[in-house]
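Chains, contacts and geometry: an overview
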Amino acid sequence: MGTVAVRTLRPATATRRYLMVIPLGLLCLLAIGLGYSLTTAKTAPSVQLGAPAEIPGGIAMITGVVPLEVDGWQPPSPVAALQQDAQDGAHRVRVEVQFTSLDPAGTRLDPARFIVDGLGSGQPVPLWSSPDAAFVQEGESVRATMVFELPDKAVALVLEGPDGGRLSLGKEHHSGG
């Protein structure tokens, strides 16, 4: 009598399981990396709305955050960016800030270089700002106005200067979008 050779094949399910290990391993590594970055990320502190913050050469204090749809404010001369409606899911706010120079050499101020930072903000720059870049002598104060377009769903918003200094915008400006 003859012998019959029996050949055993790996079942297809074992091969599929083996191939799933690679993507699952990569997914676990990605999750570990994301978890690490979220738990070790340092958030820069900000000063509460209305409180003075130290900035290079002086102090700054937000004196108002007003949605443009509330008071209909417009700049002294027409600005193309403000003539159009805000994008869907966004609102515009006028941020009023008082800057005071404490440096004997004076302080350089450029409101156009400020941004709004926060979760979901996209870090917008002002659509309009006044005054233009200026030099503030020691002991003098200058009021600046900046208009930003902010996403309705953005949270933890702060006004951030080019050289530091973070001032909270609060949440009263949200139009409920």
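Structure report, in brief. (Residues numbered from 1 in each chain as written. Predicted model: local features only at pLDDT ≥ 70, side-chain atom pairs only at ≥ 80, totals over all residues. Heavy atoms only, no water.)

**Looking at the sheet that holds strand E10 (residues 164-168)**
Two orientations exist for strands paired in a sheet by backbone hydrogen bonds: parallel and antiparallel. Ordered in space as E5-E9-E10, the three strands form an open sheet in which the pairing is antiparallel. Of all strands in the sheet, those bounded by a partner on one side alone are strand E5 (115-119) and E10. Neighbour-to-neighbour, the strand axes of this sheet turn through a mean angle of 35 degrees, independent of strand direction. Here four bridges tie strand E9 (residues 155-161) to E10, and the two strands are oriented antiparallel to one another. In the sheet register, Glu-160 faces E10, and the bridge partner there is Arg-166. (Pairing = 2+ DSSP bridges. Helix = DSSP H or I, 4+ residues; strand = E, 2+ residues; numbered from the N terminus. Axes fitted to C-alpha atoms, helices over the stretch in contact; angles between N-to-C directions.)

**Here's the deal with a nonpolar patch on the surface**
Residues Met-20, Leu-24, Leu-27 and Leu-30 make up a contiguous nonpolar surface patch of roughly 420 Å² in combined accessible area. With respect to the helices, strands and loops of the structure, Leu-24 is situated in helix H1 (residues 12-40). (Patch = residues over 30% accessible without salt bridge, like charges linked within 9 Å, V, L, I, M, F, W, Y side chains within 5 Å. Areas by Shrake-Rupley, 256 points an atom, 1.4 Å probe, with all protein chains shown as cover. Salt bridge = Lys/Arg side-chain N within 4 Å of Asp/Glu carboxyl O.)

**A word on the sheet that holds strand E2 (residues 58-67)**
The five strands lie next to each other as E1-E2-E3-E8-E6, forming an open sheet whose pairing is antiparallel. One side of each edge strand has no neighbouring strand; the edge strands of this open sheet are strand E1 (53-55) and strand E6 (128-130). Taking the axes of each pair of neighbouring strands and ignoring which way they run, one obtains an average angle of 30 degrees across the sheet. Sheet analysis places strand E3 (residues 90-101) next to strand E8 (residues 141-151), joined by eleven bridges and oriented antiparallel. Across the sheet, residue Arg-92 finds its bridge partner in E8, namely Glu-149.

**Some points on the environment of Phe-99**
With respect to the helices and strands, Phe-99 occurs in strand E3. Taking the C-alpha atoms as reference points, Phe-99 and Ala-53, separated by 46 residues in sequence, lie 9.6 Å from one another.

**Some thoughts on the side chain of Arg-166**
Here Arg-166 is to be found in strand E10. Assessed through its relative accessible area of 15%, Arg-166 is described here as buried. A polar atom in the side chain of Arg-166 sits 3.2 Å from the side chain of Asp-117. A polar contact of 2.5 Å, which involves the side chain of Arg-166, links it to the side chain of Glu-160. (Buried < 20%, exposed > 50% of the residue type's maximum accessible area, 1.4 Å probe, protein only. Polar contact = N/O pair within 3.5 Å; in protein donor to acceptor, adjacent residues only side chain to side chain.)

**A look at the packing of aromatic side chains**
A complete count under the given rule lists two aromatic pairs for this structure. Relative to Trp-128, the ring of Trp-73 has its centre 5.3 Å away and its plane inclined at 55 degrees; by these criteria the two rings are tilted. With Trp-73 in the loop between helix H2 (68-71) and helix H3 (80-83) and Trp-128 in strand E6, this residue pair connects regions lying 55 residues apart in the sequence. Aromatic pair Phe-99 and Phe-114: ring centres 5.5 Å apart, planes at 55 degrees, arrangement tilted. (Phe/Tyr/Trp six-rings, centres within 6.5 Å; stacked < 30°, edge-to-face > 60°.)

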